[in-house]
Amino acid sequence: MPMYWGGTNSTVVHKMNIKENNLKYQDSTLLPGRPLTQYSMDEKDDNFRIITSTNNWGRNREQHTDLFILDKNLKLLSNLSNLWENENFKSSRFIWDKLFLVTFKQVDPLYAIDLSDAKNPKILGELKIPGYSEYLHPYDSNHLIWLWRDTFDLNGRTRNGGLKLDLYEINYDKKCGDSDLSDDEKKKCNSWDYKGIIVKQKFTKNFWDQGSRSEATHNPRMFMWNADKKLLLLPATLYTKFNKTDYRNKDFFQGLLAINIDKNSWITQKYRITHLDKQKAEEERIKECSKYSWKTNSEPECHKLIGWGEVCDVPDSRRYVPQYCYSDSTVWEYLASKSWNYRGDIIKRGLWIGNNVYSVSDNEVGKIDLDTGVVKGSVEMK
């Protein structure tokens, strides 16, 4: 039971014994740093495993990630300390006797760590790639699903791009230096993109541009993975920009994405579900934008200037007109700018029961066929 220790950058771990209806306090220990999420800790073979991150922002800035393995009495068995200095701890996942850990500065290292010997954890391999992961999910014993953010450089600063979904393959039987590596694997080993065992990005799919987000990055319950059907249901808010550095949105989507992830083929979007009423929004857009219009043949208003000449202007031509009122805009740009007004239609939850998907917003619960995405019906919430 980890708890923050006062206002310090430390974590205290308590152990309680529970037998039938009796609760007994056993022991506690203090560890440096703080865990990131519930996936920063795990228990296996009576050993407690925890990852913490230390961030001291004083004069001598200290930033690193640490792994601690404690026995059943909370005594330290082993640790990997002061790892990945000056990088942010972004995500982690314990999977049986392996740990997968992501840190980030400008590129995103994914580390594979062997925990089979609790007294001697070892870093098996490392993969470097731009961007950073915010959630890791097991696909099988040799593959990881990785939900992350793309990044790009703008004037020397790293900026977040859109959402990305990757499938990673971990080959425990192949490592840099082996004679049977492919030319691409040799090249990446030589450039240190691969270190140790071969951990490679097998498939990747981008989901739109800057500002795109999913609640699943900080709420794992929203990462709804159906392993039997190889189908992921992911709530998402997506934006497409006219260009990467522009704040103007070209396209917009909010709802559930149904994504097929097959380790033998590709990552594909199967269908998507939204509760936003496009027709109603278009009617409201036309109504709002009509107040900005004026006759193009209006007579200009002219005023003589002091001294010499005159200035002429069409009435109201200097009023601000939202860009979603332009003829080259779409209703989705309007929805992107007005999304707060449609917050009741924002899909907040999704689940499947049998062969049906249920999409839940404040205003509606929808029922959709899990395999096809065909809408079967909906219930209005009042």
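Trainee: Can you tell me about unusual backbone geometry, naming the residues and giving the values?
Mentor: Positive phi, close to 55°, is recorded for D45, a residue that is not glycine. Residue position: D45 is located in the loop between β4 (41-44) and β5 (47-56). For W208, which is not glycine, the phi dihedral falls at a positive 65°. Within the fold, W208 resides in the loop between β15 (194-207) and β16 (224-226).

Trainee: Describe the side chain of T11, with residues and values.
Mentor: Within the secondary structure, T11 sits in strand β2 (residues 10-19). Within the structure, the side chain of T11 is placed 2.7 Å from the backbone oxygen of G33, a separation counted as a polar contact.

Trainee: Which residues make up the sheet that holds β4, and what values go with them?
Mentor: An order of β4-β5-β6-β7 is seen for the four strands of this open sheet, with the pairing classed as antiparallel. The sheet is open, and its two borders are formed by β4 and β7 (76-83), each paired with just one other strand. Neighbour to neighbour, the strand axes of the sheet diverge by 15° on average, direction disregarded. Here β4 runs beside β5; their pairing, made up of four bridges, is antiparallel.

Trainee: Pulling in residues and values, what's your account of the packing of aromatic side chains?
Mentor: With the rule as written, the count across this model stands at seven aromatic pairs. Taking 4.9 Å as the distance between ring centres and 55° as the angle between the ring planes, the aromatic pair formed by Y135 and F223 counts as tilted. Note that Y135 is positioned in strand β12 (residues 132-140) and F223 in the loop between β15 and β16, a separation of 88 residues in sequence. Its relative accessible area of 5% is what places F223 among the buried residues. On the basis of an interplanar angle of 45° and a centroid distance of 4.2 Å, the ring pair of W146 and Y168 is categorised as tilted. Remark: Y168 occurs in strand β14 (residues 157-175) and W146 occurs in strand β13 (residues 143-154); sequence separation between them is 22 residues. Residue classification places W146 among the buried residues on the basis of a relative accessible area of 0%. Here a set of aromatic residues connected by ring pairs shows up, and it is made of Y39, Y135 and F223. Just above the ring of Y172 sits the side chain of K98; from NZ or CZ to the centre is 4.8 Å.

Trainee: Break down a nonpolar patch on the surface for me, citing the residues and quoting the values.
Mentor: Together, M16, I18, L23 and Y25 give the surface a local cluster of nonpolar side chains, amounting to about 430 Å² of exposed area. Looking at the nonpolar patch, the elements that each hand over two or more residues are β2 and β3 (22-32). In this structure M16 comes out as partly exposed when scored by relative accessible area, which is 32%.

Trainee: Give a description of the sheet that holds strand β18 (residues 249-261) that names residues and reports values.
Mentor: Ordered in space as β16-β17-β18-β19, the four strands form an open sheet in which the pairing is antiparallel. Both edges of this open sheet fall to β16 and β19 (267-273), since each of them pairs with a single strand only. Sheet twist, expressed as the average angle between the axes of neighbouring strands with direction ignored, equals 45°. In the sheet, β18 pairs with β19 via six bridges, with the strands oriented antiparallel. In the sheet register, N260 faces β19, and the bridge partner there is T268.

Trainee: Which residues make up the pairing of β18, and what are the values?
Mentor: Taking burial as the measure, the 13 residues of β18 include ten buried ones, the bulk of the element. By the bridge criterion, eleven bridges tie strand β17 (residues 231-241) to β18 in an arrangement that is antiparallel. Residue pairing across strands places L234 opposite L257, the latter belonging to β18.

Cut-offs and rules
Residues numbered from 1 in each chain as written. Predicted model: local features only at pLDDT ≥ 70, side-chain atom pairs only at ≥ 80, totals over all residues. Heavy atoms only, no water. Helix = DSSP H or I, 4+ residues; strand = E, 2+ residues; numbered from the N terminus. Polar contact = N/O pair within 3.5 Å; in protein donor to acceptor, adjacent residues only side chain to side chain. Pairing = 2+ DSSP bridges. Axes fitted to C-alpha atoms, helices over the stretch in contact; angles between N-to-C directions. Phe/Tyr/Trp six-rings, centres within 6.5 Å; stacked < 30°, edge-to-face > 60°. Buried < 20%, exposed > 50% of the residue type's maximum accessible area, 1.4 Å probe, protein only. Lys NZ or Arg CZ within 6 Å of the ring centre and 35° of its normal. Patch = residues over 30% accessible without salt bridge, like charges linked within 9 Å, V, L, I, M, F, W, Y side chains within 5 Å. Areas by Shrake-Rupley, 256 points an atom, 1.4 Å probe, with all protein chains shown as cover. Salt bridge = Lys/Arg side-chain N within 4 Å of Asp/Glu carboxyl O.

As far as function goes, none of this settles anything; it's purely spatial.
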